[in-house]
Amino acid sequence: MSTPDRSAELLVIAERVVAMAKPGEQVEAYVSRGLSTEVRVYEGEVEHFVSAQSEGIGIRVIKDGRTGTSYCGTLDPSQIAEVLAEARDNLGYGEPDEWSGLAEPDGVAVVPQSLWDDNLENTPTTRKIELAKLLEKLTLAGDSRVRVDDSNYSDAFGEAAVATTTGIRVAGRENGCYLSVGTLADDGDETQTGFGFAVGRNVDELDLERAAREAVDRATRLLGATKPESRRITVVLDPFVTAQFLGIIGGTLNGESVVKGRSLFAQRIGEAVANPLLTLVDDPTNPLAYTATDIDGEGLAARRNVLIQDGVLQKFVQSTYSARRMGVSPTGNGLRGGYGGSPSAGCLALQIVPGLRAQADIVAGIDDGILIQQVQGLHSGVNAVSGDFSTGAAGLLIKNGTVGAPVREFTIASTLQKMLLNIAEVGGDLEWLPMSATGVSLVIHDVTMSGA
Amino acid sequence: MIDNDILERVLAEGLRTGADFAEVFASDWRGTGVGLDDGKIEQLSTGRNRGAGIRVIAGETTGFAHTADLSEAGLMAAARVAAEAARQGGGGIKVVALTTQPSRIVSPIEIDPSTIGKAAKVDLLRRVDEAARSAGGAISQVSAGYSDGRTRIVIANSDGLVAHDERVRTLLRVSAVANGDAGMQTGFDSLGHTMGFELFDKVQVEDVARAAAGRALTKLKARPAPSGSLPVVIKAGSGGVLFHEACGHGLEADLVAKGASVYKGKVGELVASPLVTLVDDGTMTHEWGAIAIDDEGHPSQYNVLIENGILTDYMWDYLRARKEGRPQSGNGRRQSYKDLPMVRMTNTYVLNGEEDPADIIKDTPNGVYVAHLGGGSVNTATGDFVFGMTEAYLIENGEITEPLREGNLIGNGPQVLRDIDRLGNDFAMGNPGTCGKDGQGVPVGDGQPTLRVKAMTIGGTAS
């Protein structure tokens, strides 16, 4: 059994709002609805079962370059009228900005994505609970030193529509499911932590064995870790860490930061900003990406954008506003954080073009280095405007081509600019991760490790 | 918001499948946000979110459902979903009789921000922009945000409790960019209280703007932070996040119960320098983490967690307290009606010591002076934590000298607590914070007097 796509109903609501535009007004309505389930299992029992439903509308009105917005967490028609009136009132307090304006259809064809799977919708609750229980069991069976903190199943169904007076009319829906497990490994007084996860469009795509194995490995391999001596060193970032690093780099390649004087890379288009080994692409049209999508938050077709080619900066990702202000074509990168937020420029699905070698082969060529398996505090130790980079880390030392002693409670530091130039190898071990960037092993020279 | 007789019927519906506890948490939030960037008021946004979360507990299992529909039909439907989710066989009819709790006020509000015209809010940001730009010719960009929110809350549970609350929070954030020969630097400052618009009669927004701009300007001359282990002096009111991360999270009973805290089984033991008395205090009037009642309806409390270095207690919510057969501590909090409550901090701070802060610096031959901190995070199971320094200086021969570029500091919670060897008498609260746990953010405060940690690892690049 499959339910019909009801996102068209949301589009009707959005269009109804847009039809109320007064002369001289641009109006945009974003309408969304979602349903999610979360099961948490602990010691073989359901600890909690959450069933969450949400809906809301966000309205933007632009007139004479002034913008006002308002939103509300319900689709009750009487409330929607109030939201529109509020947005209209609010624009009187914005200041005119000649580049303000809604997205306009730009002729770029939508690359259809299969973002919906009926099988997930038809999965019974009991099966979802079983999966979380099974993941806990598999993880515990992996190593007698391991305890499970929590084992979780979650899924989400979302539908959304955008309509504007400028001719945008889009609607769609998507769903997906996710399993995760948090682990604790004990050895005497010492405890280390790990995690594992699996993602899919339906439950049959979830790889539980791998999630369990990784959760066990991540926690146990750090047992006995000590604090390393401070020195300059070559780091190998594990794919999961590289993906987080790419997320930060992506944040600097943003047209809004450029026009507002906050980008490290303003005025650098056409210049070498990274080692020629690096080619970085934002491609939400690749169905393998966790954040694959066909439409951006402003209603434009999502598209493939090459940001860095062989180390040379090619372009920035743009919202409609920043593209207009920079005088460049839109890139389809309007990001929206739900009905309460306004769209802003951001990367949708970053991918690094992989190299050739597996991590073990890369490590074999390193005499003195460190394999970084976890980072902590990227939000507090990285400044995307100045480029200063400093993060807490844990990992394994590399000596004469082999991975050895675990280390923790140290930081690695450099600047984003230097790290891009000091990339020494891009691994071939591409991983599609549940975040907006892919991972590969990434080797970076001359990073400062601070420990004892 | 919802009548008691409706709440009674909804709770009874929640208990129908044999559960032993049911709870309704309903909230109605309205807020205004104004953003300024690049010299312009970009937009003014107003919003409303209301709804109810219904929690049903049967044995060890919690069922939870939420709805944006506050009608009786909407609430009953959510109660059925939650009850089904928590079902553990049995079944039966229980009668719930509610007693409304007297309302309690921790942070009296003088001027409800919703009664203030939008133009006055916009004007605050114009003043911020002007003050920050006037702070120095090198200031190249300023962004600022104003926000206020008023939440009305009703909490009812099958133990007969009904509690009402009204919360008002007002926040100003300023961030500045300075451009110099060695590139750009940023500075940030914020002001936030559980207070109404009278906040801006008490504090001049220009001071917040100048603090943010000053940080960016100072760092234009900054040198790379050192790499390695050094003594660290933390300025009063800037390092509460250290305690939030180094031990606060580890004292949350839900993490302790699962053996995911280095402080498990340590009550009564010396876990910190005897100089340290640490308190979590939801009753601290007007502070960012102040609450009259927690999100389970329990009155907020002044809870001593560490007294003269000895661990005295953890923080508790309904669920963990019930399991242990002990009282709650007013620490059951949630981000919104869409979320389950968890054990969370409120305002977490270290009480004053006795020393003149100037002496602490004077007695430190070499080290780092941290004057402003960014965020932090902790792994509670290992105790390893980091926090970012957004304004810091070298200490050379007992004097504060050159400014340093940004970086993280890393330490191990239990070790750092033992290594606190000097404590000042200049207690101050820090900036408003948002504490994240399990995907939920809640407003928290922190504070401490000037203090010194004997040794911490500074995550810079200079040898």
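The residue count restarts for each chain, going from 1 along the sequence in the order it is written. Note on labels: chains are lettered from A, ligands numbered from 1, in written order. Local features are withheld for residues below a pLDDT of 70 in this predicted model, meaning they are given only at 70 or higher, and side-chain atom pairs are given and counted only at 80 or more; totals for whole chains, interfaces and linings count all residues.

A. Quick peek at the overall build of chain B. For chain B, the helix and strand inventory stands at 10 helices and 23 strands. With respect to the three principal axes, the spread of C-alpha positions in chain B is 75 × 55 × 35 Å. When each of the 463 residues of chain B is scored for burial, the buried share is 62%. Going along the chain from the N terminus, every DSSP run of H or I of four or more residues is numbered as a helix, and every run of E of two or more is numbered as a strand. We call a residue exposed when 12 or fewer other C-beta atoms sit within 10 Å of its C-beta, buried when the count reaches 20 or more, and partly exposed for counts in between; the C-beta positions come from the backbone.

B. Region of the structure containing the domain arrangement of chain A. Residue and element names in this part refer to chain A. Domain start and end points were adopted from an automatic or database domain assignment. Segmenting chain A into domains produces domain 1 (7-219) and domain 2 (225-452). At the level of elements, strand 1 (25-42), strand 2 (45-63), strand 3 (66-72), strand 4 (146-164), strand 5 (169-187) and strand 6 (190-200) are the ones that each hand at least two residues to the side of domain 1 that touches domain 2. Here the side of domain 1 that touches domain 2 takes four residues from strand 2, the largest share from any one element. When the residues that make up the side of domain 1 that touches domain 2 are grouped by side-chain class, the tally is 17 nonpolar, 11 polar and three charged. The nonpolar class holds Ala, Val, Leu, Ile, Met, Phe, Trp, Tyr, Cys and Pro. Asp, Glu, Lys and Arg form the charged class, and all remaining residues, Gly among them, are polar.

C. The sheet that holds strand 13 (residues 350-352) of chain A, seen in detail. Residues and elements named next belong to chain A. One open sheet holds the four strands; their spatial order is 10-9-8-13, and the pairing between them is antiparallel. Each end of this open sheet is capped by a strand with a single partner; those strands are strand 10 (312-313) and strand 13. For two strands to be treated as a pair, DSSP must find at least two bridges joining them. By the bridge criterion, three bridges tie strand 8 (residues 280-282) to strand 9 (residues 305-309) in an arrangement that is antiparallel. By the bridge assignment, Asp282 is partnered in strand 9 with Asn305.

D. Highlighting the interface of chain A and chain B. Once C-beta atoms are placed from the backbone, any two residues with those atoms within 7 Å are in contact. Taken together, the contacts link 60 residues of chain A with 66 residues of chain B. Counting residues per element, the side of chain A that touches chain B draws most heavily on strand 2 of chain A, at 11 residues. Of the residues belonging to the side of chain A that touches chain B, the class tally is 12 nonpolar, 35 polar and 13 charged. In terms of strand pairing, strand 2 of chain A meets strand 3 (residues 61-67) of chain B through five bridges, oriented parallel.

E. Inspection of helix 4 (residues 125-142) of chain A at higher detail. Residue and element names in this part refer to chain A. Multiplying 1.5 Å by the residue count of a helix minus one yields the expected span of that helix. Between its first and last C-alpha atoms helix 4 spans 26 Å; for 18 residues at 1.5 Å apiece the expected length is 26 Å, and the two agree. Among all positions of helix 4, only Lys128, Leu131, Ala132, Leu135, Glu136, Leu138, Thr139 and Gly142 are buried. For helix 4, the angular spread of the buried residues around the axis is 165°, confining them to a single face. For helix 4, the exposed residues lying more than 90 degrees away from the buried face are Thr126, Arg127 and Ala141. Lining the buried residues of helix 4 we find strand 1, strand 4, strand 5 and helix 5 (208-220). Relevant arc is that of directions from the helix axis to the C-beta atoms, nothing else.

F. Expanded view of the environment of Gly338(A). Residues and elements named next belong to chain A. When you line up the elements, Gly338 lands in the loop between strand 11 (334-335) and strand 12 (344-345). Look at Gly338 and you get partly exposed, because 16 C-beta atoms sit within 10 Å. C-alpha separation for the pair Gly338 and Arg60, spaced 278 residues apart in sequence, amounts to 13 Å.

G. Quick look at the domain arrangement of chain B. Residue and element names in this part refer to chain B. What the domain assignment lists for chain B is domain 1 (113-151 + 166-219) and domain 2 (227-459). Using only C-alpha atoms to locate each centre, domain 1 and domain 2 end up separated by 25 Å. Contact residues are listed per partner, giving 11 residues for domain 1 and 12 residues for domain 2. Among the elements of the structure, strand 6 (161-180), strand 7 (183-193) and helix 5 (205-220) are those that each provide at least two residues to the side of domain 1 that touches domain 2. No other element matches strand 7, which puts four residues into the side of domain 1 that touches domain 2. Taken together, the residues of the side of domain 1 that touches domain 2 break down into three nonpolar, five polar and three charged.

H. Representation of the packing of helix 4 of chain A against helix 5 of chain A in the model. Residue and element names in this part refer to chain A. Direction vectors running N to C along helix 4 and helix 5 enclose 45°, while the axes themselves pass 8 Å from each other. Here helix 4 lies oblique to helix 5, going by the angle between them. Classified by chirality, the crossing of helix 5 by helix 4 is right-handed. Of the residues in helix 5, those touching helix 4 at Leu134, Leu135, Leu138, Thr139 and Gly142 are Leu208, Glu209, Ala211, Ala212, Arg213, Ala215 and Val216. Taken together, the residues of the contact of helix 4 with helix 5 break down into eight nonpolar, two polar and two charged. For helices, the fitted axis covers only the stretch in contact; all axes are lines through C-alpha atoms, and the angles between them, taken along N-to-C directions, range from 0 to 180 degrees. Convention used here: angles under 35 degrees read as roughly parallel, angles over 145 as roughly antiparallel, angles from 65 to 115 as roughly perpendicular, and any remaining angle as oblique. Helix crossings are classified by the rotation of the near helix relative to the far one: an anticlockwise turn of less than a right angle makes the crossing left-handed, while a clockwise turn makes it right-handed.

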